[in-house]
Amino acid sequence: MRELQHDNRNSWFNYIFLIVLGLVMVYPLIWLFTSSFKTNADIFGSSRLLPTTYVWDAYKLGWQGTGQYGFQDFFINTLKLVIPTVIFTIVSSVLVAYGFARFNFPLKTLLFSVMIATLMLPNASVMIPRYILFNKLGWLDSYLPFIIPAAFATSAFFIYLMIQFIRGLPRDLDEAATIDGCNSFTVLTRVLLPLCKPAIFSVGIFQFMWTWNDFFNSIIYISSVRKFTVSLGLRLSLDASSAVSWNQVLAMSVVSIVPCVLLFFFCQKYFVEGISTTGLKG
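To start, this report covers the structure provided alongside it. (Residues numbered from 1 in each chain as written. Predicted model: local features only at pLDDT ≥ 70, side-chain atom pairs only at ≥ 80, totals over all residues. Heavy atoms only, no water.)

Observations regarding the packing of helix H4 (residues 71-102) against helix H8 (residues 156-167)
The description of two helices packed together rests on the angle between their axes and the distance between the axes. For the record, the criterion: Here, axes are lines fitted to C-alpha atoms. For helices the fit covers the stretch in contact, and angles between N-to-C directions go from 0 to 180 degrees. The numbering of helices and of strands both runs from the N terminus, where a helix is a DSSP run of H or I of at least 4 residues and a strand a run of E of at least 2. In these notes the angle categories are as follows: under 35 degrees is roughly parallel, over 145 is roughly antiparallel, 65 to 115 is roughly perpendicular, and the rest is oblique. Throughout, a crossing is termed right-handed when the near helix is turned clockwise from the far one, and left-handed when it is turned anticlockwise from it by less than a right angle. By definition in these notes, contact holds between two residues if any of their heavy atoms fall within 4.5 Å. Ten residue types, Ala, Val, Leu, Ile, Met, Phe, Trp, Tyr, Cys and Pro, are classed as nonpolar, four, Asp, Glu, Lys and Arg, as charged, and the remainder, Gly among them, as polar.
At a minimum axis separation of 8 Å, H4 and H8 run at an interaxial angle of 50°. In terms of orientation, H4 lies oblique with respect to H8. Considering only the axes of H4 and H8, their crossing is right-handed. Along its contact with H4, which presents Thr89, Ser93, Val94, Val96, Ala97, Tyr98, Phe100, Ala101 and Arg102, the element H8 presents Phe158, Ile159, Met162, Ile163, Ile166 and Arg167. A class-by-class count of the residues in the contact of H4 with H8 yields eleven nonpolar, two polar and two charged.

Structural notes on the pattern of salt bridges
Our working definition: Salt bridges are counted wherever a side-chain nitrogen of Lys or Arg sits within 4 Å of a carboxyl oxygen of Asp or Glu. Note on classification: 1.4 Å probe, protein chains only; a residue is buried when its accessible area is under 20% of the maximum for its type, exposed when over 50%, partly exposed between these limits.
In this structure the tally under the stated criterion is one salt bridge. In this structure, the salt-bridge partner of Asp174 is Arg102, at a minimum N-O distance of 2.7 Å. Of the two residues, Asp174 is situated in helix H9 (residues 171-179) and Arg102 in helix H4; the sequence distance between them amounts to 72 residues. Judged on exposure class, the residue Asp174 and its partner Arg102 are both buried.

A closer look at the environment of Ala177
Relative to the elements of secondary structure, Ala177 occurs in helix H9. Setting aside its immediate chain neighbours within four residues, Ala177 contacts Cys182, Val187 and Val191.

Overview of the packing of aromatic side chains
Rule in force here: Stacked, tilted and edge-to-face pairs are distinguished by plane angle, under 30 degrees for stacked and over 60 for edge-to-face with tilted covering the rest, among Phe, Tyr and Trp rings (Trp via its six-membered ring) whose centres lie within 6.5 Å.
Evaluated as defined, the whole model comprises 23 aromatic pairs. Each ring, one from Phe146 and one from Tyr221, has its centre 5.9 Å from the other, and the planes form 85°; the classification is edge-to-face. Of this pair, Phe146 sits in helix H7 (residues 144-151) while Tyr221 sits in helix H12 (residues 216-221), placing them 75 residues apart in sequence. Neither residue differs from the other here; Phe146 and Tyr221 are each classed as buried. The interplanar angle of 40° and the centroid separation of 5.2 Å between the aromatic rings of Phe206 and Trp210 together place this pair among those described as tilted. Linking Phe206 with Trp210, this pair stays in helix H11 (residues 197-213), spanning four residues, or about one helical turn.

Side note on the environment of Phe112
When you line up the elements, Phe112 lands in helix H5 (residues 108-117). Residue Phe112 is classed as buried on the basis of its relative accessible area, which comes to 18%. Expressed as a C-alpha distance, the spacing of Phe112 and Ala176, which sit 64 residues apart in the sequence, is 27 Å. Once residues within four sequence positions are removed from consideration, Phe112 is found in contact with Phe100, Tyr160, Ile163 and Arg167.

Quick word on the environment of Leu173
Mapped onto the elements, Leu173 comes out in helix H9. Here Leu173 falls in the partly exposed class, since its relative accessible area comes to 34%. Separated by 82 residues in the primary sequence, Leu173 and Val255 place their C-alpha atoms 44 Å from one another. Once residues lying within four places of it in the same chain are set aside, the contact partners of Leu173 are Val191 and Leu195.

Right, dumping it as structure tokens:
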């Protein structure tokens, strides 16, 4: 009985601790949402969570934008950039990972080591050579610097994640499919891909969120306002006038994180399963 009471106390303590920790983690998002209804004076002059004076048109005015282009244009541009990048990243990462995980070929160990070594390479060291290369190719002020590299499996992190997952799948499945007449490609598409769904979702979610929120690379390669993404559109709203309506900026910040939040909640089952599985295999 004492042990049962002790376990109950520990459970209540754990629940309370997790609830408090969750509120601390979520508080910035709650403040962001409530502040989108505040005036500038409330945002900077008060520490209260709820506004003293509600501003109801921040979302409408923020969505309209401050110039020729509104936030609907920035959202469409971001989707044009993100969706092909995510699709090409998944396809290329799966193909390369399948080769490393299931086949033996000359210099396999060396190539795998070089690929892993690129994870340690600072982004600052390749930023200028990459910019010069894309400039010579005529890709600047377009989405090609994001889409084309994704089609050639340039992200070692995603390849490694997929390799670890595929290595955890029994080779007996491949052998059974081969006996049934499947070649290497059909083994991948009909046998391994359905089982790799958690890892594929993990790759897709990571790439979607990173590309959607990317500001640094976007501002380097995209210069035309008509091609701006959501992150650049938020920065543009700060430069549009000397008097910034911060409630509109915060309102559009709330809108900009909605796709990432929805994607995570809809796919969290596969995401958690994929990360936990690859983590155990690592």
